[in-house]
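# Observations on the model geometry
One letter stands for each residue in the lines below.
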Amino acid sequence: MTQMNSKDLRLQELFSNKSIVKVFHDCIEDLSLLYNLCNIKDIKGIFDTQIAHRMCCDDPSYKGVKNSAISLAMLIKVYLNIEYEIKGEMHNLMAQNPYLWKTRPLTEKLNFYAGNDVIYLPKIFYLIKEKCERHQMRYLTMERIFDECSKYVSYVQMNLSIK
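What comes next concerns the included structure. (Residues numbered from 1 in each chain as written. Predicted model: local features only at pLDDT ≥ 70, side-chain atom pairs only at ≥ 80, totals over all residues. Heavy atoms only, no water.)

## Thoughts on the nonpolar core
Of all hydrophobic cores here, the largest spans 30 residues; its most connected members are Phe47, Cys56, Tyr79, Ile124, Ile128, Leu140 and Ile145. Secondary-structure elements contributing two or more residues to this core are α3 (49-58), α4 (72-80), α5 (86-96), α6 (108-118), α7 (121-133) and α8 (142-153). Counting nine residues, the second-largest nonpolar core is a separate cluster that includes Phe15, Leu31, Leu34 and Val153. (Core = buried A, V, L, I, M, F, W, Y, C linked by side-chain atoms within 4.5 Å. Buried < 20%, exposed > 50% of the residue type's maximum accessible area, 1.4 Å probe, protein only. Helix = DSSP H or I, 4+ residues; strand = E, 2+ residues; numbered from the N terminus.)

Below, the structure is given as structure tokens:
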């Protein structure tokens, strides 16, 4: 058994702490990476914007764009009215090279893309949270969203392509 370094232990503490919200979009691949490569098995406090949006769509009072597998670019457009153009370029690069994200070290362009991908997630999280707290959604609560997101954590161990 390999010994964890202090960075691994800090990650372990962060992801096992339910009171610290970790916001993702389409979390399965990211969580699979943490589970299979970083040995982070206890994952709590996950909020997936794709899952939350799907649940908003299922609420009878929802009046927005209904798309259960919404892309991050579309989610940013729907919630923030921002055109996120770098996504199309990255999809083309990933189509050309399916191993793009497995190459290390990551290129400057990939680091830039990954960093920009996450800057909108907290804003979307707070918009959805506000809708739930103001009871703009008839049946949807943050507790229900977190419960649904936690179900997806169990799928991460099944993604054996990330090892």
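## What to know about the packing of aromatic side chains
Following the criterion strictly, the structure yields six aromatic pairs and no others. Considering the side-chain rings of Trp101 and Tyr113, the 5.7 Å spacing of their centres and the 40° angle between planes classify their relative orientation as tilted. Of this pair, Trp101 sits in the loop between α5 and α6 while Tyr113 sits in helix α6, and the two are 12 residues apart along the sequence. For Trp101, a relative accessible area of 29% translates into the label partly exposed. Judged by relative accessible area, Tyr113 falls into the buried class, the value being 4%. Of the aromatic side chains, those joined through ring pairs into one cluster are Phe47, Phe125, Tyr126 and Phe146. The lysine or arginine in question, Lys41, covers the ring of Tyr35, its NZ or CZ lying 3.9 Å from the ring centre. (Phe/Tyr/Trp six-rings, centres within 6.5 Å; stacked < 30°, edge-to-face > 60°. Lys NZ or Arg CZ within 6 Å of the ring centre and 35° of its normal.)

## What about α6?
Every buried residue belonging to α6 is among Leu110, Tyr113, Asn116 and Asp117, and all of these are buried. For α6, the arc enclosing every buried residue in end-on projection is 135°, short of the 170-degree limit, so these residues lie on one face. Among the exposed residues of α6, those pointing more than 90 degrees away from its buried face are Glu108 and Phe112. (Arc of directions from axis to C-beta.)

## So, the pattern of salt bridges
Under the definition given, this model contains six salt bridges. Asp42 is the partner of Lys44 in a salt bridge, and the nearest nitrogen-oxygen pair spans 3.3 Å. Residue classification places Lys44 among the partly exposed positions, given a relative accessible area of 36%. Put simply, Glu83 and Lys77 hold a salt bridge, and the shortest N to O gap is 3.1 Å. (Salt bridge = Lys/Arg side-chain N within 4 Å of Asp/Glu carboxyl O.)

## Notes on α8
Helical geometry note: an α-helix holds 3.6 residues per turn, so side chains three or four residues apart project in the same direction. In a regular helix each residue adds 1.5 Å, so 12 residues correspond to 16 Å; α8 covers 17 Å between its end C-alpha atoms and thus fits that length. Among the residues making up α8, those that are buried are Met142, Ile145, Glu148, Cys149 and Val153. Down the axis of α8, the sector holding all buried residues measures 165°, keeping them to one side. (Expected span 1.5 Å × (residues − 1).)

## Regarding the packing of α7 against α8
In contact at an axis separation of 9 Å, α7 and α8 are set at 130° when each is read in the N-to-C sense. As the angle between them shows, α7 and α8 are arranged oblique. Counting all contacts with α7, which are made through Phe125, Ile128, Lys129 and Cys132, the residues of α8 involved are Met142, Ile145 and Phe146. Here the contact of α7 with α8 is built from residues that sort into six nonpolar, no polar and one charged. (Axes fitted to C-alpha atoms, helices over the stretch in contact; angles between N-to-C directions. Parallel < 35°, antiparallel > 145°, perpendicular 65-115°, else oblique. Contact = heavy atoms within 4.5 Å. Nonpolar A, V, L, I, M, F, W, Y, C, P; charged D, E, K, R; others polar.)

## Here we look at the state of the cysteines
One pass over the structure, following the stated rule, counts zero disulfides. For Cys56, which is in no disulfide, the shortest distance to another cysteine sulfur is to Cys132 and amounts to 5.9 Å. For Cys56, a relative accessible area of 0% translates into the label buried. Using a relative accessible area of 6% as the deciding quantity, one classes Cys132 as buried. (Disulfide = S-S within 2.5 Å.)

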